[in-house]
Amino acid sequence: MSAIRRKFGEDYQVVNTNRIMTFSAPVKKKRQRFVEKNGRCNVQHGNLGSETSRYISDLFTTLVDLKWRWNLLIFILTYTVAWLVMASMWWVIAYIRGDLSYGGHNSSYTPCVANVYNFPSAFLFFIETEATIGYGHRYITEKCPEGIILFLFQSLLGSIVDAFLIGCMFIKMSQPKKRAETLMFSQDAVISQRDGKLCLMFRVGNLRNSHMVSAQIRCKLIKSRQTPEGEFLPLDQCELDVGFGTGADQLFLVSPLTICHEINSNSPFFDLSQRSLMNDQFEIVVILEGIVETTGKNVFLFLRSFCCL
């Protein structure tokens, strides 16, 4: 068997009969999926005017959608640049007022910020103030109005930066995208008889002990078609009924369940024969909506893509 597969490729299957051993026809060359089996959508937008400005206008969502390495890089760079800029402003005030020349040796002189003699001490003062550490060695005196104004500005700016970046990181960490890793699907969908009716079926199961509250499953058929007016729709989406009218689409995922789509007169597969079904090109995308019990967050997961290639 292994020698045959090495010779003819993985797309050939051996069929054993009582009289003769034959080979089935080769499967068509695989094309790229619209949605991968892991739920990643293979969609890229192009030829859009002012695309960058649109992403920047919704900066918070753009940061949340970035990969973790870019989020961490932006997080570190933003804080580092903010710290250096604010420390430089404290150093400039000390330099203009002449605090650096005294160096703390003149007890009768009142500086803007006590015990700030150079840039490292100005940087440490900013970190102590921003992080509310307050060692007590460096502090603003009452004879420095520009320092008081800068302190107020620093407090407002620090609150905005903290709320923006920490909020972005928190939302990104709490996203339930990885929840689909513990939702198992059958590798293939099958068409078979159930209760005397022809049905398209696949199975889904939950590995975790925590439940998906109000879980609802949907199926989309993605297929190219041509309208009676002659318009060609390359990625037309059609809803597959998996029990919407009977409530069978509402799942209680305690044990593995079999999801059924009845092939009746309302089904897009009704007019397809077995041969045309094998030769046609379409994709079935399974979508699960629900609430994660442990976090209480709503999830919308592209769970599986069954593809006839």
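Definitions and limits used
Residues numbered from 1 in each chain as written. Predicted model: local features only at pLDDT ≥ 70, side-chain atom pairs only at ≥ 80, totals over all residues. Heavy atoms only, no water. UniProt positions renumbered as here; feature names shortened; annotations may be inferred. Patch = residues over 30% accessible without salt bridge, like charges linked within 9 Å, V, L, I, M, F, W, Y side chains within 5 Å. Areas by Shrake-Rupley, 256 points an atom, 1.4 Å probe, with all protein chains shown as cover. Salt bridge = Lys/Arg side-chain N within 4 Å of Asp/Glu carboxyl O. Helix = DSSP H or I, 4+ residues; strand = E, 2+ residues; numbered from the N terminus. Buried < 20%, exposed > 50% of the residue type's maximum accessible area, 1.4 Å probe, protein only. Disulfide = S-S within 2.5 Å. Pairing = 2+ DSSP bridges.

Per an unreviewed UniProt entry, the protein chain goes by the name G protein-activated inward rectifier potassium channel 1 and belongs to Maylandia zebra. We quote the UniProt Catalytic activity (unreviewed entry) comment for the protein chain here in full: "K(+)(in) = K(+)(out)". Turning to the protein chain, the UniProt record has this under Subcellular location (unreviewed entry): "Membrane".

Now for a nonpolar patch on the surface. Nonpolar side chains collect at one region of the surface, where Leu84, Trp91, Val92, Tyr95, Ile96 and Phe119 lie side by side and expose about 580 Å² of accessible area between them. Of the residues forming the nonpolar patch, the biggest block, five residues, is contributed by helix α4 (residues 68-97). Mapped onto the elements of the fold, Ile96 is located in helix α4. Ile96 gets classed as exposed once you look at its relative accessible area, which sits at 65%.

On inspection of all chains with the given rule, the structure shows one disulfide. Two residues, Cys112 and Cys144, share a disulfide whose sulfurs are 1.8 Å apart. Residues Cys112 and Cys144 are joined by a disulfide whose S-S torsion is about -65°; by sign, that bridge is left-handed. In this pair, Cys112 sits in the loop between α5 (99-102) and α6 (119-130) while Cys144 sits in the loop between α6 and α7 (145-173), placing the two residues 32 residues apart along the sequence. Classification of Cys112 as buried rests on a relative accessible area of 1%. Of all cysteine sulfurs, the one in Cys199 lies closest to Cys260, which takes part in no disulfide; the gap is 5.1 Å.

Evaluated as defined, the whole model comprises seven salt bridges. Arg97 is the partner of Glu146 in a salt bridge, and the nearest nitrogen-oxygen pair spans 3.3 Å. Highlighted residues: Glu146 in helix α7 and Arg97 in helix α4, separated in sequence by 49 residues. Of the residues examined, Arg97 reaches a relative accessible area of 27% and is grouped as partly exposed. Between Arg225 and Asp236 there is a salt bridge, and its shortest N-O distance comes to 2.7 Å. A residue pair is termed long-range when its members are at least 10 positions apart, and Arg225 in strand β6 (residues 212-226) and Asp236 in strand β7 (residues 232-240) qualify at eleven residues. What emerges from the salt-bridge pattern is a single network uniting Arg218, Lys220, Glu239 and Glu289.

Turning next to the pairing of β6. One ladder, built from ten bridges, connects β6 with strand β10 (residues 282-292); its direction is antiparallel. Pairing of Arg218 across the sheet is with Ile287, part of β10. Judged from the seven bridges that link them, β6 and β7 form a sheet pairing that is antiparallel. Within β7, the residue paired with Lys220 across the bridge is Glu239.

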